[in-house]
Amino acid sequence: MSDWQVPLSAVRLTEADIEAAVDVYRSGWLSMGPRTQDLESAFAAYTGSGHVLAVSSCTAGLHLAMSGAGLGPGDEAVVPSITFVASANAVAYTGARPVFAEIAAVDRPWLSAETAERAITPDTKAIVAVSYGGHPGEIEELRRLADERGLALIEDAAHGAGSWLGDGHLGTFGLAGAISFSAGKNLGIGEGGVLLTDDDELAEHARLMRWHGVTRSTWERHRGGTETYGVSKLGFNYRIDDPRAAIGRSRLRRLDEDNHRRAAIASVYREELGELDGISPLAAPPDSARVSNSIFAVILDEGVDRDAFRDSLTQSRIQTSVHFTPVHRFELYADSGVELPVADAFAARTVSLPMFAEMEEGQQAQVIEAIRNALVS
Ligand SMILES: Cc1ncc(COP(=O)(O)O)c(C=O)c1O
């Protein structure tokens with residue numbers, strides 16, 4: 001598929017995943033229907049979330065969460081600058097303003113309760129917690145802060161499929177959370193995601209808005225034998241379709257196993273790289289967490305030339321990436337006017353290494369050897 005000897009991530013569908021999709025194509029029902037309902041029930045059982053809505057993307061799920069939380073013009077939501085732009089866009093779609101906040105530390109690229117609190121103003125209505133690579137960060141402290149200040153906590157758990165802190169699945173700590181199924185994620189199906197919430201009103205709002213405010217789905221009408229429906233709100237088309245839902249359902253069956261394998265890879269990286277000068281892994285999750293390791297990022301010491309480091313790995317046909325460019329640095333959000341030196345320092349020094357469940361031991365050894373060579377040259 002590519003010239004990389006070790007790609008950053010890889011989507012490997014099993015025969016069972018492919019069969020699940022083929023079955024849907026054979027069934028003659030392709031749009032959001034019974035397979036989507038299966039996926040939602042399975043995800044609700046897995047995460048313990050009261051409501052699960054499958055959607056066309058995590059971004060769509062986040063937008064539904066923001067609008068369900070009542071965000072609108074004049075409101076603000078605190079968002080860490082180290083994230084994918086979707087976390088901020090989902091706020092901006094409602095007319096509210098994302099206020100970019102600092103990360104906890106250069107090896108902790110997530111909001112801390114302290115950094116979030118500093119960004120709160122009288123207009124703040126929500127805090128958006130982003131799970132970096134499936135790490136819970138300070139989610140419990142953020143929940144406490146949001147509760148104390150009467151704010152909605154929305155979790156961008158795009159990376160969080162199968163990530164737990166204690167017995168809480170990421171995405172279930174606040175008012176609502178969304179998980180991504182886009183191809184590079186640890187539960188990748190192409191495009192898609194789920195919205196999780198225990199809030200009945202928010203779930204009802206999201207169900208309507210996912211489909212143009214239409215009061216009865218095509219599948220319900222098909223089963224009920226009626227063609228009528230009402231439209232009560234200006235909604236969107238944020239539907240998933242049944243073939244992708246079936247692949248998601250199939251992948252969910254081996255999510256824990258995949259994440260277990262990713263955790264083993266992460267632990268080898270931590271051990272081997274921990275001994276090298278010039279590079280450090282990010283802060284490890286607490287013992288009470290099980291994380292997806294959707295991304296495995298490191299920090300280079302100040303003074304290590306990141307471009308040269310990455311070029312050297314590219315020469316060995318090992319793919320790397322950077323997660324993320326600080327969102328407040330993009331032209332779209334340049335007028336935010338904030339200075340976030342820790343986020344900038346992180347973004348200048350981080351590198352994401354290959355991470356996928358099927359990575360072979362030999363491939364990981366190649367990555368580590370290439371890193372060793374890059375750091376001495
Ligand atoms: C932190 C974060 N939030 C949101 C998203 C958006 O997910 P999706 O592509 O499913 O909309 C991504 C995807 O890369 C992400 O990394």
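Residues numbered from 1 in each chain as written. Predicted model: local features only at pLDDT ≥ 70, side-chain atom pairs only at ≥ 80, totals over all residues. Heavy atoms only, no water.

Draft legend 1. The pattern of salt bridges, seen in detail. Applying the stated criterion to the full structure yields 15 salt bridges. Linking Arg-254 and Asp-17 is a salt bridge whose minimum nitrogen-to-oxygen distance equals 2.9 Å. With Arg-254 in the loop between helix 9 (242–252) and helix 10 (255–274) and Asp-17 in helix 1 (residues 15–27), the pair connects residues that are 237 residues apart, well separated along the chain. Among the residues examined, Asp-17 registers a relative accessible area of 0% and is labelled buried. (Salt bridge = Lys/Arg side-chain N within 4 Å of Asp/Glu carboxyl O. Helix = DSSP H or I, 4+ residues; strand = E, 2+ residues; numbered from the N terminus. Buried < 20%, exposed > 50% of the residue type's maximum accessible area, 1.4 Å probe, protein only.)

Draft legend 2. Representation of the site of the ligand within the structure. Close contacts around the ligand come from 15 residues, with Thr-59, Asp-156, His-159, Ser-180 and Lys-185 the closest. Asp-156 is positioned such that a nitrogen or oxygen atom in its side chain is 2.6 Å from a nitrogen atom of the ligand. Ser-180 has a polar side-chain atom sitting 2.7 Å from an oxygen atom of the ligand. Assessed atom by atom at 2 Å from the grid points, the ligand resides in the largest pocket. For the shell around the ligand, the residue count by class is 6 nonpolar, 7 polar and 2 charged. (Near = heavy atom within 4 Å. Polar contact = N/O pair within 3.5 Å; in protein donor to acceptor, adjacent residues only side chain to side chain. 1 Å grid on protein atoms, 1.4 Å probe; cavity = no way out; pocket = protein on both sides within 12 Å on 5 of 7 lines; lining within 4 Å. Sits in = over half its atoms within 2 Å of the grid points. Nonpolar A, V, L, I, M, F, W, Y, C, P; charged D, E, K, R; others polar.)

Draft legend 3. View of helix 13 (residues 361–376). A rise of 1.5 Å per residue sets the reference length of helix 13, with its 16 residues, at 22 Å; its end C-alpha atoms lie 23 Å apart and thus fit the reference within 8%. Those residues of helix 13 lying buried are Gln-363, Gln-364, Val-367, Ile-368, Ala-370, Ile-371 and Ala-374. The buried residues of helix 13 occupy one face: seen down the axis, they fall within an arc of 160°. Summarising the geometry of helix 13, the exposed residues directed more than 90 degrees from the buried face are Glu-361 and Val-376. For helix 13, the elements touching its buried residues are helix 10, strand 10 (279–281), helix 11 (306–315) and strand 13 (350–353). (Expected span 1.5 Å × (residues − 1). Arc of directions from axis to C-beta. Contact = heavy atoms within 4.5 Å.)

Draft legend 4. View of the packing of helix 3 (residues 58–68) against helix 7 (residues 200–210). Where helix 3 contacts helix 7, the axes come no closer than 9 Å and their chain directions differ by 125°. Considering the angle they form, helix 3 stands oblique to helix 7. As helix 3 runs across helix 7, the sense of the crossing is right-handed. In contact with Leu-64, Ala-65, Ser-67 and Gly-68 of helix 3, helix 7 contributes Leu-202, His-205, Ala-206, Met-209 and Arg-210. Class assignment of the residues belonging to the contact of helix 3 with helix 7 gives a composition of 5 nonpolar, 3 polar and 1 charged. (Axes fitted to C-alpha atoms, helices over the stretch in contact; angles between N-to-C directions. Parallel < 35°, antiparallel > 145°, perpendicular 65-115°, else oblique. Left-handed = near helix turned anticlockwise from the far one by under 90°.)

Draft legend 5. Inspection of the packing of helix 10 against helix 13 at higher detail. Between helix 10 and helix 13, the least distance of the axes is 11 Å, while the angle of their chain directions is 30°. Judged by the inter-axis angle, helix 10 sits roughly parallel to helix 13. Crossing geometry of helix 10 relative to helix 13 is assigned as right-handed. For the pair formed by helix 10 and helix 13, the contact residues are Arg-261, Ile-265, Val-268, Tyr-269, Glu-272 and Leu-273 on the first element and Glu-361, Gln-364, Val-367, Ile-368, Ile-371 and Arg-372 on the second.

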